[in-house]
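Chains, contacts and geometry: an overview
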There are 2 protein chains.
Amino acid sequence: MAEMVNVAVDAMGGDNAPGEIVKGAIEAINEDKRVKVFLVGREPVITEELKKYTYDPAQLEIVHAEEIIETAEPPVMAIRKKKDSSIVRSMYMVKEGTCDALVSAGSTGAVLVGGQVIVGRIKGVERPPLAPLIPTEKGVSLLLDCGANVDARSSHLVQFAKMGSVYMESVMGVKNPKVGIVNIGAEEEKGNALVKETFPLLKNCPEINFIGSVEARDIPLGEVDVIVCEAFVGNVILKMYEGVGAALIKKVKSGMMTSLRSKIGALLVKPALKKTLKSFDTEEYGGAPLLGLNGLVVKTHGSSKAIEIKNSILQCIAFKEQKINEKIKEKIILED
Amino acid sequence: MAEMVNVAVDAMGGDNAPGEIVKGAIEAINEDKRVKVFLVGREPVITEELKKYTYDPAQLEIVHAEEIIETAEPPVMAIRKKKDSSIVRSMYMVKEGTCDALVSAGSTGAVLVGGQVIVGRIKGVERPPLAPLIPTEKGVSLLLDCGANVDARSSHLVQFAKMGSVYMESVMGVKNPKVGIVNIGAEEEKGNALVKETFPLLKNCPEINFIGSVEARDIPLGEVDVIVCEAFVGNVILKMYEGVGAALIKKVKSGMMTSLRSKIGALLVKPALKKTLKSFDTEEYGGAPLLGLNGLVVKTHGSSKAIEIKNSILQCIAFKEQKINEKIKEKIILED
């Protein structure tokens, strides 16, 4: 039998904790026998939630943690002070090797800081990028960095491109993934100082399939598999996806309610529409991995429902089995 | 009678020139007696197009320009070499005072460079931002800078905030417009170096109504009237608007075509949907002004149709009558 994939799940993080988190964990273990979940958080609450489900007890363990890090807390201080929080406990379980990965819907800041400070970076990795999958017309693309490291340098972006390529190839099965850098025009001479400095470095990097600039307008088309940018820009892209999408869907819905005729039409199109729009929902694809750490840290949306937690846990299987971190190490060491 | 507003229109710029440009110009003068349009470009072509329409000849003049600046040309060189191009001629007409404003759907680079080099900046203005109106759930917001000046400094962003406030108050009629800075979190300590440096400057600026950070996700909600950011980020926001919007509308349409039931529904919802989605189309609002120049330069989409050209020309009336540039001068001089 193959080795189990051990995943620590922060049962107390996110707006829908612990209910949806526990539900997602159960769904994951019931779907795949290769996973063992460690639910980290307040034991009595978790036990209570678990009563709702049937599952194989060999695939689940509760790890008590008394404290909770709130979203509004300054993350560095929170990580330092709240040693008995669900996030910090989960981080140590990865660091010490009890777990291969952790999934948290809790404070983004705390997850990013904890990942770097507790789990630690792979030797040679300068900055670990947050790398969510975003939906496109053709499937999904990986966007990195998406919020972990503002004011990045060009060398960081080159590492993002390499790590992102490994991820897309090994976890998502995209052969020779196309890498693009977010730019404000298609020509090589366009861009700000960082992009102009990074462009030739990517162009001359033999380990990636660099295809040049990608304009934000074209990201949803899905022509580029690995989209590289610094964290501020990546965060803006991700949030525009969510914001414009939500606003437009609201418009579509209200547009359909303007006349009796359109209301009847709305009833008829609803089921089909729901299905297609689902494929454009970022939460369908699981959380965002923080790449380049000694272990896998996955950050899901604060608003995560069970499905995102489940998908994030299942992601960890491919991550381990495909030996992503070993491949990242090779790429990074090759560079030095 | 009030003074006429003289607008130079680059008849050769954009994907749909000269047909849609001339059409938009005619629609503008037929709609408003206060405008006189100078169609700049190849005289024979323009004359041919004009045969299709009836209009008051006192409101229209043709200014011959032999050359055309192509989108792919390096802008600085093009502006310097092609003195007899429709863009350069239009720029000089504004500089020399024959026209109050110019509208072009041509090369963005050439319009930005020409605006700075030929039309020239208002004394005290460090960088003229490109400031499109973007649709929101509540109406429109002004996004600046949107592509004119990459690698901006904090002092530039403060000027953008002031100029944008003047525009929203005087042209769009928004009382005491709310100003926000694009950030990756709501808290003051969040952001990259530029945002952290700019935030306190905006907070302590008595001439604007600064309400703090705005996350990209919340831009479509329309809570902020003047959205300030540096050009790279602004360009990404604008293009994500267009890209995500287009991708989602395509999804909605294909979703409706998946079953007979939904196809019938689609027929019923179509008219209502078309109307609501129109309000989310950036082209409905006219082009983007380049603020802070000695005259008004309006850049429209390369794909502009007549409606955008018309709306851009009509925008120039409010700009002149509301003495926007005098108000900008006051705000900027006050600062020094």
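Residues numbered from 1 in each chain as written. Chains lettered and ligands numbered in written order. Predicted model: local features only at pLDDT ≥ 70, side-chain atom pairs only at ≥ 80, totals over all residues. Heavy atoms only, no water.

All right, on to helix α5 (residues 108-119) of chain B then. Residue and element names in this part refer to chain B. By the burial criterion, the buried members of α5 are Ala110, Val111, Leu112, Val113, Gly114, Gly115, Ile118 and Val119. For α5, the elements touching its buried residues are α3 (75-81), α4 (86-95), β4 (101-104), β10 (288-290) and β11 (296-299). Trailing α5 by a residue or two, Gly120 shows a phi angle of about 90 degrees, which is positive. (Buried < 20%, exposed > 50% of the residue type's maximum accessible area, 1.4 Å probe, protein only. Helix = DSSP H or I, 4+ residues; strand = E, 2+ residues; numbered from the N terminus. Contact = heavy atoms within 4.5 Å.)

Residue and element names in this part refer to chain A. Read across the open sheet, the six strands follow the order β3-β2-β1-β4-β11-β10; overall the sheet is mixed. If you trace the sheet from one side to the other, it starts and ends with β3 (60-64) and β10 (288-290), each paired once. Geometrically, the sheet is characterised by an average inter-axis angle of 25 degrees between neighbouring strands, direction not taken into account. When strand β1 (residues 5-10) meets strand β4 (residues 101-104), the two strands line up parallel, connected through three bridges. (Pairing = 2+ DSSP bridges. Axes fitted to C-alpha atoms, helices over the stretch in contact; angles between N-to-C directions.)

Residues and elements named next belong to chain B. Pairing in this open sheet of six strands is mixed, and the strands run β3-β2-β1-β4-β11-β10 from one edge to the other. Each of the sheet's edge strands pairs with one partner strand only, and the pair in question is β3 (60-64) and β10. Taken pair by pair, the neighbouring strands of this sheet meet at an average axis angle of 25 degrees, ignoring direction. Where β10 lies against β11, three bridges are found, and the strand directions are antiparallel. Residue Leu290 lies in a different strand from β11, and its bridge partner there is Val297. Sitting on the sheet, helix α2 (residues 43-50) touches β2 (35-41) and β3, and the angle it makes with β3 is about 155 degrees. Packing of α4 onto the sheet brings it into contact with β1 (5-10), β2, β3, β4 and β11, and relative to β2 it is tilted by some 145 degrees.

A few words on empty space enclosed by the protein. Throughout the structure, instances matching the rule amount to two cavities of 30 Å³ or more. Counted as a void, the largest cavity has a volume near 50 Å³. The wall of the largest cavity is formed by A:Phe232, B:Leu157, B:Ile181, B:Val182, B:Asn192, B:Leu194, B:Val195, B:Cys229, B:Glu230 and B:Val233. Among the secondary structure elements, those contributing two or more residues to the lining of the largest cavity are β7 (178-183) and α7 (193-203) of chain B. In the lining of the largest cavity, the residues fall into eight nonpolar, one polar and one charged. Roughly 30 Å³ of volume is contained in the second largest cavity. What lines the second largest cavity is simply B:Asp10, B:Met12, B:Gly13, B:Ile68, B:Ile69, B:Ser86, B:Ile87, B:Gly106 and B:Ser107. Broken down by class, the residue content of the lining of the second largest cavity amounts to four nonpolar, four polar and one charged. (1 Å grid on protein atoms, 1.4 Å probe; cavity = no way out; pocket = protein on both sides within 12 Å on 5 of 7 lines; lining within 4 Å. Points joined across faces, edges and corners; volume = space filled by probe spheres on them. Nonpolar A, V, L, I, M, F, W, Y, C, P; charged D, E, K, R; others polar.)

Attention now goes to the packing of aromatic side chains. Taken as a whole, this structure holds four aromatic pairs over all chains when the rule is applied. Between A:Phe199 and A:Phe210 the ring centres are 5.1 Å apart and the planes differ by 80 degrees, which places this aromatic pair in the edge-to-face class. Here A:Phe210 lies in strand β8 (residues 209-215) and A:Phe199 lies in helix α7 (residues 193-203), a separation of eleven residues in the sequence. The buried category is assigned to A:Phe210, whose relative accessible area is 16%. A ring pair is formed by B:Tyr167 and B:Phe319, whose centres lie 6.2 Å apart and whose planes are at 50 degrees; its orientation type is tilted. Within this pair, whereas B:Tyr167 is found in helix α6 (residues 154-170), its partner B:Phe319 is found in helix α10 (residues 306-321), the two being separated by 152 residues in sequence. Accessibility assignment for this pair places B:Tyr167 and B:Phe319 in one class, buried. (Phe/Tyr/Trp six-rings, centres within 6.5 Å; stacked < 30°, edge-to-face > 60°.)

This paragraph deals with the relation of the copies chain B and chain A. Relating one copy of the chain to the other requires a rotation about an axis plus a shift along that axis. Taken as rigid bodies, chain B and chain A are interconverted by a rotation of 180 degrees and an axial shift of 0.0 Å, the fit giving an RMSD of 0.0 Å. Given the turn and translation reported, the copies of this chain are related as if by a two-fold rotation axis. Taking C-alpha positions as reference, the residue of chain B nearest the rotation axis is B:Gly265, located at 1.8 Å. Most of the interface of chain B is mirrored in chain A: 100% of its interface residues are interface residues there too. (Least-squares fit on C-alpha atoms with pLDDT ≥ 70 in both.)

The subject of this paragraph is the pairing of β2(B). Residues and elements named next belong to chain B. Judged by how many residues are buried, β2 sits mostly within the fold: seven of seven residues are covered. Burial of β2 is two-sided: the residues Val35, Val37, Leu39 and Gly41 facing one way and the residues Lys36, Phe38 and Val40 facing the other way are all buried. The sheet contact formed by β1 and β2 spans six bridges and is parallel. Its bridge partner lying in β2, Ala8 is registered against Phe38. As a crossover connection, the stretch from β1 through helix α1 (residues 19-31) into β2 is right-handed. Summarising the sheet, β2 and β3 pair through five bridges and their orientation is parallel. (Right-handed = clockwise from strand over helix to strand, strands pointing away.)

On to the interface of chain B and chain A. The figure often quoted for interface size is the accessible area lost as the parts come together. Tallying the contact residues gives 53 residues for chain B and 53 residues for chain A. Across the chain B to chain A interface the summed buried area is about 4,900 Å²; carbon plus sulfur atoms make up 74%. Contact with chain A buries surface across chain B, with B:Phe232, B:Met240 and B:Lys251 losing the most and accounting together for 14% of the total. Residue A:Lys239 is joined to B:Glu215 by a salt bridge in which the shortest nitrogen-to-oxygen separation is 2.3 Å. Counting every contact that joins chain B to chain A gives six residue pairs in polar contact (both at pLDDT 80 or more). Here the side of chain B that touches chain A gets 21 residues from one element, more than from any other, and that element is helix α8 (residues 231-256) of chain B. (Buried area = accessible area lost by both parts, 1.4 Å probe. Salt bridge = Lys/Arg side-chain N within 4 Å of Asp/Glu carboxyl O. Polar contact = N/O pair within 3.5 Å; in protein donor to acceptor, adjacent residues only side chain to side chain.)

So yeah, pure geometry; function would need other evidence.
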